[in-house]
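Observations on chain architecture
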Amino acid sequence: MNISKNVKNQNDSLDMNKNILVFDTSTKNLCLGLWCHGEFYECHDYDMQRPHGDIILQCIDDLLAKNGLAVVDLDCLGVGIGPGSFIGVRTAVTVAQGLAYGVSIPIIPVPTLQIVAQHAWNKYQITKALVVIDARMNEIYAARYTKNHENIMMALEKEQLYTANGLQIDSDEYVVVGNAVVQYDLSTLFPDCCCRADVFVDARALLDMVLYKISLGEITDCHQIQPLYVRNDVAKVSQKNKN
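Residues numbered from 1 in each chain as written. Predicted model: local features only at pLDDT ≥ 70, side-chain atom pairs only at ≥ 80, totals over all residues. Heavy atoms only, no water.

Moving on to helix α3 (residues 112-124). Owing to its 3.6 residues per turn, the α-helix aligns residues three or four sequence positions apart on the same side. An ideal rise of 1.5 Å per residue puts 18 Å on 13 residues; α3 measures up with 18 Å between its terminal C-alpha atoms. Looking only at α3, the buried set comprises T112, L113, Q114, I115, V116, A117, Q118, H119, A120 and W121. (Helix = DSSP H or I, 4+ residues; strand = E, 2+ residues; numbered from the N terminus. Expected span 1.5 Å × (residues − 1). Buried < 20%, exposed > 50% of the residue type's maximum accessible area, 1.4 Å probe, protein only.)

Listed below in structure tokens is the structure:
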């Protein structure tokens, strides 16, 4: 497993003694990171052939072990809750619930599109973003975000599902970011907007969101965490098939 290390920045307000595991499995790229010993470690196993559900637990164990930790040493979990792949969203939520329940630690849930928006700020200092994620079936998950005074990208609206050619934007001030940019050639659809496909679900961005939510007291018991579905009909059909 390829792991990179990012040392704490001077302006960061991380608790040096906290151990925080973050992950998201709702897109094709596995997002996994660990804050411990005053440093951030990120797993770079992207675009893997095996389903995330088959490898996420082993990747977590490996990341913890490489840093001399076990699940019992964690103080909290941060997890991306979707929208995204139905199976991927369920995987992240289920794994988070299982880990948190086993060692009695809280979970901080973060919408996946907000993680992408935060990565847009972290990587390019984009202050207004229209996040677009491929929802398959010629559809896109999208929402607009803007930066607050604490350098956190905040949602201006709820995540919505759009047809690929039905997405609209009312201002060229927004930068269009996410994996749907290339998938649906959105630079052609929005010729007056800057579009970036190299903004994605990033572990460090997820950690930033987790820390912000902790500062606001937005901590969730493992029994209360819920996946964020936008395409509700898919969720209902899957549940019906189980019954």
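So, about the confidence of the model for the protein chain. Summary statistics for the protein chain give a mean pLDDT of 89 and a share of 87% for residues scoring 70 or more. Ignoring residues within four places in sequence, the model shows residues 7-13, a span with pLDDT below 50, making six contacts including any to other chains. With pLDDT under 50 throughout, residues 234-243 is counted as low confidence; its partners more than four residues away or in other chains account for four contacts. (pLDDT = per-residue confidence, 0-100. Contact = heavy atoms within 4.5 Å.)

As a further point, take the packing of aromatic side chains. Applying the stated criterion to the full structure yields one aromatic pair. Pairing F86 with Y229 gives two aromatic rings, centres 5.1 Å apart and planes at 25°, and the pair type is stacked. A residue pair is termed long-range when its members are at least 10 positions apart, and F86 in helix α2 (residues 86-103) and Y229 in the loop between α6 (203-215) and α7 (232-242) qualify at 143 residues. F86 gets classed as partly exposed once you look at its relative accessible area, which sits at 23%. The residue whose ring lies beneath R196 is Y124, and the NZ or CZ to ring-centre distance is 3.9 Å. Positioned above the aromatic ring of F40, the side-chain terminus of R204 is 5.6 Å from the ring centre. (Phe/Tyr/Trp six-rings, centres within 6.5 Å; stacked < 30°, edge-to-face > 60°. Lys NZ or Arg CZ within 6 Å of the ring centre and 35° of its normal.)

Scanning the model with the defined rule gives seven salt bridges in all. Residue E139 is joined to R231 by a salt bridge in which the shortest nitrogen-to-oxygen separation is 2.5 Å. With a gap of 92 residues between them, E139 in strand β8 (residues 139-147) and R231 in the loop between α6 and α7 connect regions that are remote in the sequence. E218 serves as the salt-bridge partner of K213, at 3.2 Å between the closest nitrogen and oxygen. Given a relative accessible area of 38%, E218 falls into the partly exposed group. Connected through shared salt-bridge partners, R144, E157 and D170 make up one network. (Salt bridge = Lys/Arg side-chain N within 4 Å of Asp/Glu carboxyl O.)

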